[in-house]
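Letter by letter, the chains look like this.
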Amino acid sequence: MQLKVLALPGDGIGTEVTAEGLRVLRHVAAKYGHELVLTEGLLGGIAIHKTGTPYPAETEKLALEADATVMGAFGLPEFDNAPPDKRPEKGLLGIRKTLGVYANLRPVRAYEALLDSSPLKNHLLAGVDMIIVRELTGGLYYGTPRGITGEGEEERGTNTMTYTRGEIKRITRMAFNLAGKRKKKVTSVDKSNVLETSQLWRKVVVEVAPEFPAVKLEHMLVDNCAMQLVLKPAQFDIVLMENMFGDILSDEGSVIAGSIGMLPSASIGAQRASGAWVGLYEPVHGSAPDIAGQGIANPLGAIGSIAAMLEYSFGLVEEAAAVNAAMEAVLNAGVTTRDLKGNATTEQVGKAVCEAIG
Ligand code: NAD
Ligand code: IPM
Ligand code: MN
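Residues numbered from 1 in each chain as written. Chains lettered and ligands numbered in written order. Predicted model: local features only at pLDDT ≥ 70, side-chain atom pairs only at ≥ 80, totals over all residues. Heavy atoms only, no water.

1. Remarks on the overall build of the chain
Step number 1: Along the chain, the regular secondary structure elements total 12 helices and 12 strands.
Step number 2: Taken over C-alpha atoms, the radius of gyration comes to 20 Å for the chain, in line with the 21 Å a tight globule of 358 residues would show.
Step number 3: Dimensions of the chain, computed from C-alpha atoms along their principal axes, come out at roughly 55 × 50 × 45 Å.
Step number 4: A burial count over the chain gives 54% of its 358 residues as buried.
Step number 5: Within the chain, residue pairs in contact and separated by at least 24 positions form 75% of the contacts whose partners lie at least 6 positions apart.
Step number 6: Side chains of the chain give 35 positive and 42 negative charges; the mean places of these two sets differ by 5 Å. (Helix = DSSP H or I, 4+ residues; strand = E, 2+ residues; numbered from the N terminus. Rg over C-alpha atoms; globule rule 2.2 N^0.38 Å. Buried < 20%, exposed > 50% of the residue type's maximum accessible area, 1.4 Å probe, protein only. Contact = heavy atoms within 4.5 Å. Lys, Arg positive; Asp, Glu negative; His and termini not counted. Charge placed at Lys NZ, Arg CZ, Asp CG, Glu CD.)

Next up, the structure:
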């Protein structure tokens, strides 16, 4: 089939890991006889440098035309004090909103070969296999009013956490649908002991749950969830939460996998008539300025995101499984980057995955 893919490598290690993701994608396309039509675009800090804005209109157009978009990471230290609209991260928030990808799926697995890479004790990690389902286009990230007003002691920063019933319903259905195909358990995370948004969240989740009688629902307060994730991570299957909670807890979850460089993500929204999802695929990590340019970033989060794209946006389940199996084989063979205590380069890991695919 034809795979029309837009790549937005972005900043820092984003370019390095995306190069390996695309190496694997080209390899899979060649092996399985798919025609890859690949376009590259600008988003983030590099887009500010080249066009003056983090989310150029041309990029928006390319994303709307593509079947799927793969991304690297966005953010550069030189913009740390820039106003929100002139920050690389704004590009990321913009494209998520344009594509309406409200469901961010972040699988967290403990790979057998990586048990010793995690600071957690091995016996806690055995069998850990969860998906953090993070609402991605609402909540604090987009709510208004927002901004900084006033001056002196009265200078005030404002953000607004807001959710509608419709927004909560659709992400809840996504979570329950996924759970139905897995261990049949949804843990909905909120702060309903304090926040009205969370009270509505819990109410709507409870209303939707009976549509999925085979799936067990439990609720957990977000502070407790932060603890349970490292105390007893094997208890989770689908962990459903709003945008900001999901951002924070997914980085915590990466400790289970051994490195933030291991975590892939799929951000999906509407489903096309063919069943394929409109999707954005990106690793969970950022641009890692501390290691950028050294060729040592772990590309497996980016490569895992390619596998997710093959599955969700193209329905290529066999190809996706081949990529995932190859990643596991490479881990078992000990070809890993420094974050996993190995000494392979980013490129060596990408090439090893291609070889393992065969
Ligand atoms: P980060 O994820 O970039 O880095 C945190 C730590 O993890 C660093 O020590 C880094 O070296 C390490 N790390 C991250 N990815 C790695 C990989 N693939 N292999 C090995 N080690 C890896 O988070 P940060 O330092 O808080 O943020 C840096 C910049 O990235 C900021 O500008 C931030 O806004 C941005 N950011 C972007 C995204 C994104 O584009 N999706 C996500 C998170 C942060
Ligand atoms: C992520 C990142 C982004 C987010 C930032 C860079 C806007 O941390 O994808 O996890 O908070 O969503
Ligand atoms: Mn994050």
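2. Quick notes on the pairing of strand S4 (residues 103-109)
Step number 1: Counted residue by residue, S4 has 5 buried out of 7 residues, so it is predominantly covered.
Step number 2: Relative to strand S11 (residues 266-271), S4 is paired through 3 bridges, and the arrangement is antiparallel. Looking at the pairing, asparagine 104 lines up with serine 267 of S11. (Pairing = 2+ DSSP bridges.)

3. Side note on the packing of aromatic side chains
Step number 1: The final tally for this structure, using the stated rule, is 2 aromatic pairs.
Step number 2: Judged by centre distance (5.5 Å) and plane angle (70 degrees), the rings of tyrosine 163 and tryptophan 201 are edge-to-face. Here tyrosine 163 is found in the loop between strand S7 (156-158) and helix H6 (165-180), whereas its partner tryptophan 201 is found in helix H7 (residues 196-208), with 38 residues between them in sequence. In terms of burial, tyrosine 163 and tryptophan 201 fall into one category: buried.
Step number 3: Ring plane angle 25 degrees and centroid distance 5.3 Å describe the contact between phenylalanine 176 and phenylalanine 212, whose orientation is recorded as stacked. With phenylalanine 176 in helix H6 and phenylalanine 212 in the loop between H7 and strand S9 (216-221), the pair connects residues that are 36 residues apart, well separated along the chain.
Step number 4: Against the face of tyrosine 141 rests arginine 134, its NZ or CZ located 5.3 Å from the ring centre. (Phe/Tyr/Trp six-rings, centres within 6.5 Å; stacked < 30°, edge-to-face > 60°. Lys NZ or Arg CZ within 6 Å of the ring centre and 35° of its normal.)

4. Comments concerning the side chain of glutamate 20
Step number 1: Residue position: glutamate 20 is located in helix H1 (residues 13-32).
Step number 2: A residue is classified by how much of its surface remains accessible, and glutamate 20, at 4% relative accessible area, is buried.
Step number 3: In contact with glutamate 20, other than residues within four places in its own chain, are Pro299, Ile303, Thr346, Glu347, Gly350 and Lys351.

5. Overview of H6
Step number 1: In this model H6 runs 22 Å from its N-terminal to its C-terminal C-alpha over 16 residues, within 8% of the 22 Å that 1.5 Å per residue would give.
Step number 2: Within H6 the residues assigned to the buried category are Glu167, Ile168, Ile171, Thr172, Met174, Ala175, Phe176, Leu178 and Ala179. (Expected span 1.5 Å × (residues − 1).)

6. Concerning the layout of surface pockets
Step number 1: Size it by volume and the largest pocket reaches roughly 840 Å³.
Step number 2: Contributions of two or more residues to the lining of the largest pocket are made by S4, strand S5 (129-135), H6, S11, helix H10 (300-312) and helix H11 (317-332).
Step number 3: Considering only residue class, the lining of the largest pocket consists of 23 nonpolar, 5 polar and 7 charged.
Step number 4: For the second largest pocket, the calculated volume is near 510 Å³.
Step number 5: What lines the second largest pocket is a set of 21 residues, and nearest its centre among them are Glu89, Leu92, Arg96, Tyr141 and Asp247.
Step number 6: With 5 residues, helix H4 (residues 88-99) is the largest single contributor of residues to the lining of the second largest pocket. (1 Å grid on protein atoms, 1.4 Å probe; cavity = no way out; pocket = protein on both sides within 12 Å on 5 of 7 lines; lining within 4 Å. Points joined across faces, edges and corners; volume = space filled by probe spheres on them. Nonpolar A, V, L, I, M, F, W, Y, C, P; charged D, E, K, R; others polar.)

7. A short note on the site of ligand 2
Step number 1: In the neighbourhood of ligand 2, the contacting residues comprise Glu89, Leu92, Arg96, Arg106, Arg134, Tyr141, Asp247 and Val284.
Step number 2: In the model, an oxygen atom of ligand 2 is placed 2.9 Å from a nitrogen or oxygen of the arginine 106 side chain.
Step number 3: The separation between an oxygen atom of ligand 2 and a polar side-chain atom of aspartate 247 is 2.9 Å.
Step number 4: The cavity where ligand 2 resides is the second largest pocket.
Step number 5: Per element, the largest residue contribution to the shell around ligand 2 is 3 residues, and it comes from H4.
Step number 6: Counted by class, the shell around ligand 2 contains 3 nonpolar, no polar and 5 charged residues.
Step number 7: Mapped onto the domain boundaries, the shell around ligand 2 takes at least three residues apiece from domain 1 (1-109 + 258-358) and domain 2 (119-257). (Near = heavy atom within 4 Å. Polar contact = N/O pair within 3.5 Å; in protein donor to acceptor, adjacent residues only side chain to side chain. Sits in = over half its atoms within 2 Å of the grid points. Domains from an automatic or database assignment.)

8. Concerning the domain arrangement of the chain
Step number 1: Once the domains are mapped, the chain shows domain 1 (1-109 + 258-358) and domain 2 (119-257).
Step number 2: The centre of domain 1, based on its C-alpha atoms, is set 23 Å off from the matching centre of domain 2.
Step number 3: Each partner contributes to the interface: domain 1 provides 23 residues, whereas domain 2 provides 25 residues.
Step number 4: On the domain 1 side of the interface with domain 2, the three residues burying the most area are Tyr102, Arg106 and Val108, jointly 33% of the side's total.
Step number 5: At the boundary of domain 1 and domain 2, one finds 0 salt bridges.
Step number 6: Counting residues per element, the ones that place at least two in the side of domain 1 that touches domain 2 are H4, S4 and S11.
Step number 7: For the side of domain 1 that touches domain 2, the leading source of residues is S4, giving 7 residues.
Step number 8: When grouped by side-chain class, the residues that make up the side of domain 1 that touches domain 2 number 14 nonpolar, 5 polar and 4 charged. (Buried area = accessible area lost by both parts, 1.4 Å probe. Salt bridge = Lys/Arg side-chain N within 4 Å of Asp/Glu carboxyl O.)

9. A few points about the pattern of salt bridges
Step number 1: Taken as a whole, this structure holds 15 salt bridges when the rule is applied.
Step number 2: Among the ionic pairs, aspartate 190 bridges to arginine 202, the shortest N-O distance being 2.8 Å. With a gap of 12 residues between them, aspartate 190 in strand S8 (residues 185-190) and arginine 202 in helix H7 connect regions that are remote in the sequence.
Step number 3: Taking relative accessible area as the criterion, arginine 202 reaches 26% and is therefore assigned partly exposed.
Step number 4: For lysine 191, the salt bridge is made with aspartate 223, and the minimal N-O distance between the two is 3.3 Å. With lysine 191 in the loop between S8 and H7 and aspartate 223 in helix H8 (residues 222-231), this pair connects stretches of sequence that are 32 residues apart.

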